[in-house]
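Structural features, examined
Chain by chain, the residues:
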Amino acid sequence: MAKSQKYSVNVVEQSDNTWCAKIERQITSKKKVVSKQQDGFTSESEATTWAEQELASFISAQQTSNKRHGEQRSIRDEKADILADKQETAKFERKEKARARALGLEMPMFDDSDEAEQE
């Protein structure tokens, strides 16, 4: 039986002298789920060969999908970091403006477009 970290191949003989090949994914240490299966093979070696080939293509497709989702996740995280930085800067500016108003100071580094219109 071929093993991967999460996936394994299981070949079972059925009652009518045919073989069933299954690709199983281990969810927890006690629970497995069949990801793909095919039955009707005339011999165990035929079923094992099919299962090994399908497992290789299945894992390859899974790795491609994981890579694509990882790239999308990194882009999404970068955008979230940029937004968080902008929000942090805006919050800092608001606090500094409020502090300056409380002390009666003018803050030339910040543009108060509302106050400039009133003057």
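Residues numbered from 1 in each chain as written. Predicted model: local features only at pLDDT ≥ 70, side-chain atom pairs only at ≥ 80, totals over all residues. Heavy atoms only, no water.

1. As for the pairing of strand β1 (residues 7-13)
Direction of pairing for β1 relative to strand β2 (residues 19-26): antiparallel, over a ladder of seven bridges. The residue of β2 that forms the bridge with Ser8 is Glu24. Between β1 and β2, which pair antiparallel and follow one another directly, the connecting turn spans five residues, one of which, Asn17, has a positive phi of 60°. (Pairing = 2+ DSSP bridges. Helix = DSSP H or I, 4+ residues; strand = E, 2+ residues; numbered from the N terminus.)

2. Here we look at a negative patch on the surface
Residues Asp77, Glu78, Asp81, Asp85 and Glu88 make up a contiguous surface patch of negative charge. Turning to its location among the elements, Asp81 is positioned in helix α1 (residues 44-103). (Patch = residues over 30% accessible without salt bridge, like charges linked within 9 Å, V, L, I, M, F, W, Y side chains within 5 Å. Areas by Shrake-Rupley, 256 points an atom, 1.4 Å probe, with all protein chains shown as cover. Salt bridge = Lys/Arg side-chain N within 4 Å of Asp/Glu carboxyl O. Lys, Arg positive; Asp, Glu negative; His and termini not counted. Charge placed at Lys NZ, Arg CZ, Asp CG, Glu CD.)

3. Some points on the pattern of salt bridges
Applying the stated criterion across every chain, the model contains three salt bridges. Lys36 is the salt-bridge partner of Glu54, the closest N and O atoms lying 2.6 Å from each other. Highlighted residues: Glu54 in helix α1 and Lys36 in strand β3 (residues 32-41), separated in sequence by 18 residues. The salt bridge partner of Glu96 is Arg99, with a shortest N-O separation of 3.2 Å. A residue pair is termed a helical-turn pair when its members lie 3 or 4 positions apart in one helix, as Glu96 and Arg99 do in helix α1 at three residues. With relative accessibility at 18%, the residue Glu96 sits in the buried group. Classification of Arg99 by relative accessible area gives partly exposed; the value is 44%. (Buried < 20%, exposed > 50% of the residue type's maximum accessible area, 1.4 Å probe, protein only.)

4. Re the packing of aromatic side chains
The final tally for this structure, using the stated rule, is two aromatic pairs. Ring geometry for Tyr7 against Phe58: centres 5.2 Å apart, planes inclined by 75°, an arrangement best described as edge-to-face. With Tyr7 in strand β1 and Phe58 in helix α1, this pair connects stretches of sequence that are 51 residues apart. The interplanar angle of 45° and the centroid separation of 5.8 Å between the aromatic rings of Phe41 and Trp50 together place this pair among those described as tilted. Note on accessibility: Phe41 and Trp50 belong to one class, buried. (Phe/Tyr/Trp six-rings, centres within 6.5 Å; stacked < 30°, edge-to-face > 60°.)

5. Comments concerning the sheet that holds β2
Taken together, the three strands give an open sheet; going across it, the order is β1-β2-β3, and neighbouring strands pair in antiparallel fashion. Only two strands of the sheet have a single neighbouring strand rather than two, namely β1 and β3. For this sheet the average axis-to-axis angle between neighbouring strands, irrespective of direction, equals 20°. In this sheet, β3 lies alongside β2 in antiparallel orientation, the contact comprising eight bridges. Bridging across to β3, Lys22 finds its partner in Gln37. Running at roughly 155° to β1, α1 makes contact with β1, β2 and β3 of the sheet. (Axes fitted to C-alpha atoms, helices over the stretch in contact; angles between N-to-C directions. Contact = heavy atoms within 4.5 Å.)

Purely geometric stuff here, so don't read any function into it on its own.
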